[in-house]
Structures are given as structure tokens and as C-alpha cells.
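A look at the structure
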Amino acid sequence: MIDTQTPERKPAKLRLKEIADKATQDAWDAKNRGEKVGWSASNFPQELTTAMGVPVVYPENQAAAIGAKGGGLRMCEHAEGMGYSPDLCSYSRISFAYANLKYCNELPIPMPDFLLCCNNICNCMIKWYENLALELKIPMLLIDIPHLDARICDEDRVRYIRAQFDDCIKSLEEITGKHFEEKRFREVMEQSNRSSKAWLRAVDYAKYTPSPFSGFDIFNNMAVACVARGLPEGAEAFEQLAEEYELAIKNGTSTFKAAEEYRVLFEGIACWAHLSYTFKTLKNMGVNVTASIYGPAFSFLYDNIDELMAAYSYVPNCNCFDRETELLVHDAVRNRVDGAIFHMNRSCKHWSGNLYEMERRLREQTGIPTVVFDGDQSDPRAFSEAQYLTRVQGLVEIMAENKKNRKDADRG
């Protein structure tokens, strides 16, 4: 049991930030030692690189950080000046700009010697990484994970993914000079499961009323689930986070520093460039995010290697749409939300293409009001403060009326 009350122990959120920062620094140190460093897709099986001791950084994480720190517009415009369309994902445009500039103030990362691509989170990522490979003249390794057309990842899909996984091991050994060891891989799998369980336990505490944390904490704390899920320190920090939330429930405290008048589900990636405005607008109206698919999606549970292959087929955008909608409805009901906010993300075409139907089904199956706002994950130009404010105000009015009607019905 972690003693969350020990004065010397840092809060879990600080430990998580330090672990994420260290992952980037470790890649820089490896680069300076002359080791091969890779750029990796966020949902590429990190168990592989962690087990082999292959240093990687994540362009999606970097692009989110650049957007949150105010550099998204500058980097997107630089990429557009290179000829890339503004219709492309802002993460990819920021990545193309960084590959060209090879530096930025917000979050510099070492240039890659190879690329690790996985299309379970976004099929457009293949063209993004293919173009980087062409421009930088470096190899790209792809693990193709087909979109699920059924609720269960069957044995044929598992074999298809496993064959690519095994081939990727051989290619990585040739590129990096490092070797794959089965024992070490199983150790990493164990730690990854431990981290995933702790992270899911932490976010699950949002089901309590009031929630022991602000829903935007999920966006701020989730990076380690991507960059250090297979390390003991990642698991320990997530376990501490879960215990801090459990203690907050017992003490009646919360990181959401306002009265929790309304609870909502937030569907989609955060607007990193407008994170403060989107959060404060909700907070000022007593609205807390208590359900989200995005953060928990970076958890993978399995008992063996074949189950690991299947687990990477169940991430958003790769999952069967009916199954994904059922999970959304389940979270909305379990976490007792009063409404839902859907981010129509200009960058994420596949995700946004399904959102209106997902919104309709959620509204019809749960009876809660929903709103949609336009935005982007890291390009600030696609977001309107006025539109967001108006949509949230409208949602709050409906939620307030619904709450009043329930109270009137209870009295009657």
C-alpha cells in the first residue's frame, strides 16, 4: 500500500510528469551516446521497444504539447508553407514542420533513425509516416492492425498481427543492434498490465459523486500510459494516483475546485491549444467531466502474447462501431452523467465522421442532452470561443431544467 500522506512523497501528478519528461531526456541521452532512436505512433505496441531497450519518442505527444504551449499555429503554418494542406491532421503538420526545422522551443525531441507506425488509432498515420520516411531517408516499420468489423478480434486477425510483430522484432534487431529476450518481454508485459489496471482504477473513481478529480486531469496525467506503461515507475505512479483519489473520496475532497453541479461525458481528443478556456468555461458553470473514452483507451489488458495482439485491436477508431458505442453508453450510465459534449475534431477525420451517429445513439439510449462543438487537437484556428460558450450554455440550461423536473417529480 502506498502511503499517500507521507510529506516527503511527491503527488502522483508530479511523478507522472517527471516520468514523461524523463522518457524524452532518456531518448536524447541515447542519441548523444550514438544509439539509434525512433519516432513511434502512440498505439504502437510499446511492450516491444521497452523490452528491447530501444529509445523512442512520440510525435503525437510532442504535437499535443506544442499545441498546449502555444506553438501549434506557428508549426502548422510552417508546414503549410512547405506545401502541406491545412486539411491534414494538425499533429502530422506539426511533425512535418519539426522534421524540417529540427527544433522547437516547446518540446524538442531527437531526430529519428527509424519510424514505428501502427494504424490502429488512425489509418492516415501510414501516409504521415511514409512521408517522414521519404523526407528523412530512414526506414519505416509498420504493424497493420485492420479495423474490426466484429465485436471480437478473431484468431485469423491475431495470427496476422502476430506475424508482423515477429517480423518487426527482427527488423528492429537489425536496425538497432539490440536483441529481443522473451523473459524481459514477459516482465514488461506484467508491468504494462499493472500500469493499465492502476490507470483504469484511477479514472474509474469518477463514478463517485462528486468526483474526486477534475475530468481534465485525465488529459494531463495520461502521457505515461503511452510512454512508460511497461516500466515499474509508471505502474507505481498510477497506483499512487488511484490511492490518492480513493483517499479524496474518503475525505470528501476533489481536484475540481468548484461545486460539481453537473456531470458530463466528453468525447474526443482535447483542444490542446484551448485547454484552459475549454476547462474554465465548464468549471465556471459547475460542470465537471466524469466520463471519457480517450484517456482510458491507452490501457491494454491481456494474459499472453496473443491476447496482447487482440488488445491493440480494441482502441478507438479501430474498434467495431457498435461495440464502441456500447462502451460510451455504459460509461455515461455508470458515471451518472447529466449530458455529453462531443468534439468535432477537424484533424481526426475518422473519429469525427462517426461522432454524429454516436451522439444520436447516446442521446436516444440514455435520454441525456448532447451538444457538438467544432475544434481541433492542436491547430487553434478551427476553434471558436463564442461557439463553444454558446453550446455549453445551452447544454447547462437543459441539464438544469432536467434536474428541476426530477426534483419536482420526487416531491410529487
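Computed from a predicted model, the values in this text were never measured in an experiment.

All right, on to the overall build of the protein then. Within the protein, the secondary structure is distributed over 16 helices and eight strands. Here the C-alpha radius of gyration of the protein, 21 Å, is about what a compact globule of 412 residues would show, namely 22 Å. Principal-axis analysis of the C-alpha atoms places the extent of the protein at approximately 75 × 50 × 45 Å. Burial status across the protein gives 55% buried among its 412 residues. Of the accessible surface of the protein, which amounts to about 17900 Å², a share of 52% is contributed by carbon and sulfur atoms.

Now for the pattern of salt bridges. By the definition in use, this model includes 36 salt bridges. Measuring nitrogen to oxygen at the nearest pair gives 3.4 Å for the salt bridge that ties arginine 162 to aspartate 306. Residue arginine 162 is found in helix H7 (residues 155-176), and its partner aspartate 306 is found in helix H13 (residues 305-311); the two are separated by 144 residues along the sequence. Under the relative-accessibility criterion, arginine 162 is labelled partly exposed at 27%. Looking at aspartate 306, the relative accessible area reads 39%, which means it is partly exposed. Between glutamate 260 and arginine 263 there is a salt bridge, with its nearest N and O atoms 2.8 Å apart. An identical accessibility class is assigned to glutamate 260 and arginine 263; each is buried. The structure contains a network of salt bridges with shared partners spanning Asp322, Glu357, Arg360, Arg361 and Glu364.

Let us now look at the packing of helix H1 (residues 12-32) against helix H11 (residues 232-251). The geometry of H1 relative to H11 is characterised by a closest axis approach of 9 Å and an angle of 160° between their N-to-C directions. Classed by the angle they form, the pair H1 and H11 counts as roughly antiparallel. For the pair H1 and H11, the sense of crossing is left-handed. Residues Ala12, Arg15, Leu16 and Ile19 of H1 touch H11, and the partners they reach there are Glu233, Gly234, Glu236, Ala237, Phe238, Gln240, Leu241 and Glu244.

Where helix H12 (residues 275-284) meets helix H16 (residues 385-411), the axes come as close as 11 Å, and the angle between the chain directions of the two elements is 25°. The angle between H12 and H16 places the two elements in the roughly parallel class. Considering the relative orientation of H12 and H16, their crossing is right-handed. Side by side, H12 and H16 meet where Tyr277, Thr278, Thr281 and Leu282 of the first sit next to Glu385, Tyr388, Leu389 and Val392 of the second. Here the residues of the contact of H12 with H16 are counted per class, giving five nonpolar, two polar and one charged.

With that out of the way, let us pick up the pairing of strand S8 (residues 370-375). Residues in a regular strand project their side chains so that they alternate between the two faces of the sheet. Among the six residues in S8, five count as buried, and that is most of the element. Where strand S7 (residues 339-345) and S8 come together, six bridges link them in parallel fashion. Looking at S8, one finds that alanine 340 is bridged to threonine 370. Between S7 and its parallel partner S8, the chain crosses via helix H15 (residues 349-366), and the hand of that crossover is right-handed.

It is worth spelling out H15 at this point. Its 18 residues give H15 an end-to-end C-alpha distance of 26 Å, which sits within 8% of 26 Å, the value for a rise of 1.5 Å per residue. The largest bend in H15 amounts to roughly 40° and is located at leucine 355. Listed in full, the buried residues belonging to H15 are Trp351, Ser352, Leu355, Met358, Glu359 and Leu362. Where the residues of H15 are buried, they touch strand S5 (262-267), helix H14 (321-334), S7 and S8. Looking one or two residues beyond H15, the residue adopting positive phi is glycine 367, at roughly 80°.

Each value, and the rule that gives it
- Residues numbered from 1 in each chain as written.
- Predicted model: local features only at pLDDT ≥ 70, side-chain atom pairs only at ≥ 80, totals over all residues.
- Heavy atoms only, no water.
- Helix = DSSP H or I, 4+ residues; strand = E, 2+ residues; numbered from the N terminus.
- Rg over C-alpha atoms; globule rule 2.2 N^0.38 Å.
- Buried < 20%, exposed > 50% of the residue type's maximum accessible area, 1.4 Å probe, protein only.
- Areas by Shrake-Rupley, 256 points an atom, 1.4 Å probe, with all protein chains shown as cover.
- Salt bridge = Lys/Arg side-chain N within 4 Å of Asp/Glu carboxyl O.
- Axes fitted to C-alpha atoms, helices over the stretch in contact; angles between N-to-C directions.
- Parallel < 35°, antiparallel > 145°, perpendicular 65-115°, else oblique.
- Left-handed = near helix turned anticlockwise from the far one by under 90°.
- Contact = heavy atoms within 4.5 Å.
- Nonpolar A, V, L, I, M, F, W, Y, C, P; charged D, E, K, R; others polar.
- Pairing = 2+ DSSP bridges.
- Right-handed = clockwise from strand over helix to strand, strands pointing away.
- Expected span 1.5 Å × (residues − 1).
- Bend = angle between axes of the 7 residues up to and from the residue.

Everything listed is a geometric property; what it means functionally is a separate question.
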